[in-house]
Amino acid sequence: MSIRSRITTIGIASALVVGGASAALAQDAAIEIPPPGPELCADQEWEVGFANLVRDITFTIDVEESIQRAADATGCVNLSIFDNELDGATALANADNMITLGAQGVIEFQTDEKFGLVIMDKFREKNIPVVAIDIPMPGSTFFGADNYRAGFMAGEGMGAAFQERFPDSPPLLFLGELPQSGPVPAARMTGILEGVRSIYPDLDDESQVVRFDSQNTLEESRTQMSNLIQTVPEGTKFMGAAINDGSTIGMQAAIQTAGRSEDAILASQNADSTFREEVCNNPDSIILGSTAYFPEKYGDKLIATMLLLLQGQPVPPSVFVDHVFLTLDNLAEYYPDEDCPALS
């Protein structure tokens, strides 16, 4: 069985294994979120603020564009957009600005867990409903990743590929984390670890797992991995994953610069256009696959959820993305219009 064929098989298995762990959360999402449209407007216009995580990386650009499309589709949402710049203090200032400008509802995408309490206190004081993307904020409705499951898919696929490609090598795992964002995004990294451990049950945290702070950027991830790879003896095989596609591509850049591509396999998170362009156009890519979050579809559920909240209608406390572990084997199924020379 080929590596990618085996990944297809274990993708189904991971849904069963991790599905049990997520059963309670899945019940939260039992309330159907309708598509955005004029019928959700209740015959009035709504002022909604959106504070984006940052406005210059692929994933968040896709999210922002999808929210704007969904807002436009309703014909009643006036969307004001702010840039949190990956900074808690900036996010706090943006919260004040949204309140001043009269936002009736807010969609928050901000990375610093410590500022979440203060920001939410401001909105609660004004009775402004909040939907938080990917990083929970107390008292908000959560929208985003089923982080553990998303991580597990990637870890299991990567572990299986590593075992098949390097059957005589012990596992060594590098993880590019994002500690500042708190325990829920950290569950993504735990999922990756446990996915690998499903293939290598004796994986030792102390001697076979190396963690570093990716700071959510390609540049920092590349710098950290460049330093770490100098500690890995020539010929030692290893695998790695990071919190998002940019950070994983940064890991890959460090590995390739060090001339260690033949020793490594990587897996990623988000499967945004950065990942798809990489695996489609770089024949030397060592990124096996990426768990898809479909950021280009975020806006439909976000805007619909916000309109329901504004009208006092019931919504689940958590609305989750449907994940898929995306590889070259199934990319065309989910992105049929993608220009992908690797599939030619």
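Keep in mind it's a predicted model, so treat the numbers as computed, not measured.

Undergrad: So what exactly am I meant to see when it comes to the packing of aromatic side chains here?
TA: A full pass over the atoms with the stated rule returns 10 aromatic pairs. Summarising the aromatic geometry, the rings of Phe59 and Tyr293 are spaced 6.4 Å apart at their centres and angled 85 degrees between planes, so their arrangement reads as edge-to-face. Here Phe59 is found in helix α3 (residues 58-74), whereas its partner Tyr293 is found in the loop between β10 (287-292) and α12 (298-310), with 234 residues between them in sequence. The pair Phe59 / Tyr293 is uniform in exposure class, with both members buried. Here the aromatic rings of Phe294 and Tyr335 are separated by 6.0 Å at their centres, their planes lie at 25 degrees, and the arrangement is stacked. Separated by 41 residues along the polypeptide, Phe294 in the loop between β10 and α12 and Tyr335 in the segment after α13 (331-334) bring together distant segments of the chain. The residues Phe294 and Tyr335 share a single accessibility class, namely buried. A connected cluster of aromatic rings, assembled from ring pairs, spans Phe59, Phe143, Tyr293 and Tyr298. Just above the ring of Tyr335 sits the side chain of Arg276; from NZ or CZ to the centre is 3.8 Å.

Undergrad: When you look at unusual backbone geometry in this model, what are you seeing that I'm missing?
TA: A positive phi angle, close to 55 degrees, is found at Asn127, a residue other than glycine. Here Asn127 is to be found in the loop between α5 (113-125) and β4 (130-133). We note that Asn216 has phi near 70 degrees; this positive angle belongs to a residue other than glycine. Within the secondary structure, Asn216 sits in the loop between β7 (209-213) and α9 (218-229).

Cut-off values and rules
Residues numbered from 1 in each chain as written. Predicted model: local features only at pLDDT ≥ 70, side-chain atom pairs only at ≥ 80, totals over all residues. Heavy atoms only, no water. Phe/Tyr/Trp six-rings, centres within 6.5 Å; stacked < 30°, edge-to-face > 60°. Helix = DSSP H or I, 4+ residues; strand = E, 2+ residues; numbered from the N terminus. Buried < 20%, exposed > 50% of the residue type's maximum accessible area, 1.4 Å probe, protein only. Lys NZ or Arg CZ within 6 Å of the ring centre and 35° of its normal.

No statement about biological role is implied by the geometric values presented.
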